[in-house]
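Below are the chains, spelled out letter by letter.
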Amino acid sequence: MPNAQRDQNNVKITRDAAGSSLVLVCEHASSHIPKEFKDLGLVPDARQSHVAWDPGAAGVAQGMSSCLDAVLLETTVSRLVYDCNRPPNAPDAMPDKSEMHVVPGNIGLSETERARRTKLFYEPFAMALRQCLTDKTSPVLITIHSFTPIYNGTPREVEIGVLHDSDVRLADAMLSVASECVSAKVERNAPYGPSDGVTHTLRTHAIPYGHLNVMIEVRNDLISTPKRQMEMAETLSVWLRVALQSLGLTAEGAPCTV
Ligand SMILES: [Zn+2]
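Residues numbered from 1 in each chain as written. Predicted model: local features only at pLDDT ≥ 70, side-chain atom pairs only at ≥ 80, totals over all residues.

**Here's the deal with the sheet that holds strand β11 (residues 186-188)**
Cut-off, in case you're wondering: Two strands qualify as a pair provided DSSP detects at least 2 bridges between them. Helical segments are the DSSP runs of H or I of at least four residues, strand segments are the runs of E of at least two, and each set is numbered from the N terminus. Geometry is summarised by axes, namely lines fitted to C-alpha atoms with helices restricted to the contacting stretch, and by angles between N-to-C directions that run from 0 to 180 degrees. A pair of residues counts as a contact when their C-beta atoms, built from backbone coordinates, are separated by no more than 7 Å.
Strands sit in the order β1-β2-β4-β3-β7-β12-β10-β11 across an open sheet of 8 strands; the sheet is mixed. Strands at the two margins of the open sheet, each flanked by one partner only, are β1 (5-8) and β11. Between one strand axis and the next, the sheet turns through 20 degrees on average, direction left out of account. Pairing analysis gives 4 bridges linking strand β10 (residues 160-163) to strand β12 (residues 212-219), with the strands arranged antiparallel. Bridge assignment links Val162 to a residue of β12, and that residue is Ile216. Each of β7 (140-147), β10, β11 and β12 touches helix α4 (residues 169-178); the most contacted strand, β12, lies at about 45 degrees to it.

Shown next, in the form of structure tokens:
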């Protein structure tokens, strides 16, 4: 099954046996809050908003997984339950406030509860990702996110952010490809960057091992429908293929047929 999916300890894995060396990750794929957390005390609007997840990002990541014949790991719970792009000791791993929303169910969490959620959600995700990377020869790690067009009342003009930490190789190559694309406003380390703590996955799983890596952020109004998510996936997949070629590598994926 070329597009087989399975859930394993709160991690959704797609194309486990994919042929390419690319490993795709979507840490904010889901807005799901398991019943036991009683909606974290949030109203429905907040539970469905970008504070709970990255709307559209999973659709883009699934499309890229198909285009590039790449394995994809997704989280299955809201980042308000546990943000898998944050280490357990970060306050915003289980935030009690996100943008303008207070998260009642996260206020005053005990160390025991923080440790329990870490064990339930963060550790299985980190372990599954480590395993995926170990299974590949010269893996390339790509994380896929979306951001809100208006943050704290201020519109954001950037459409696609290409983010990196200390290893700039793949981000530079992608930005070089994107600079030839006049139809999108693409920026480096925008709308935020490593100083905001957003490169945890890259720093933990790629940089210490010398794996090529990049984080992609797409403004969520551009990927509001499955069709637009697929179009964005195709664009980003082409950029990645060309960027990897410029670094002397291939994505080794099947041709994009969707
Ligand atoms: Zn995100």
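**Concerning the packing of helix α2 (residues 57-68) against helix α6 (residues 226-246)**
This is how it is decided: Roughly parallel covers angles under 35 degrees, roughly antiparallel covers those over 145, roughly perpendicular covers 65 to 115, and oblique covers all other angles. It is the rotation of the near helix from the far one that decides the hand of a crossing: anticlockwise by less than a right angle makes it left-handed, clockwise makes it right-handed. In this count, Pro and Cys sit with the nonpolar residues alongside Ala, Val, Leu, Ile, Met, Phe, Trp and Tyr, while Asp, Glu, Lys and Arg are called charged and the others, Gly among them, polar.
The N-to-C vectors of α2 and α6 enclose an angle of 50 degrees; their axes lie 8 Å apart at closest approach. When the axes of α2 and α6 are compared, the pair comes out oblique. Where α2 crosses over α6, the handedness of that crossing is right-handed. Contacts between α2 and α6 involve Gly59, Val60, Gly63, Met64, Cys67 and Leu68 on the former and, on the latter, Pro226, Gln229, Met230, Met232, Ala233, Glu234, Leu236, Ser237 and Leu240. Per-class residue counts for the contact of α2 with α6 are 10 nonpolar, 4 polar and 1 charged.

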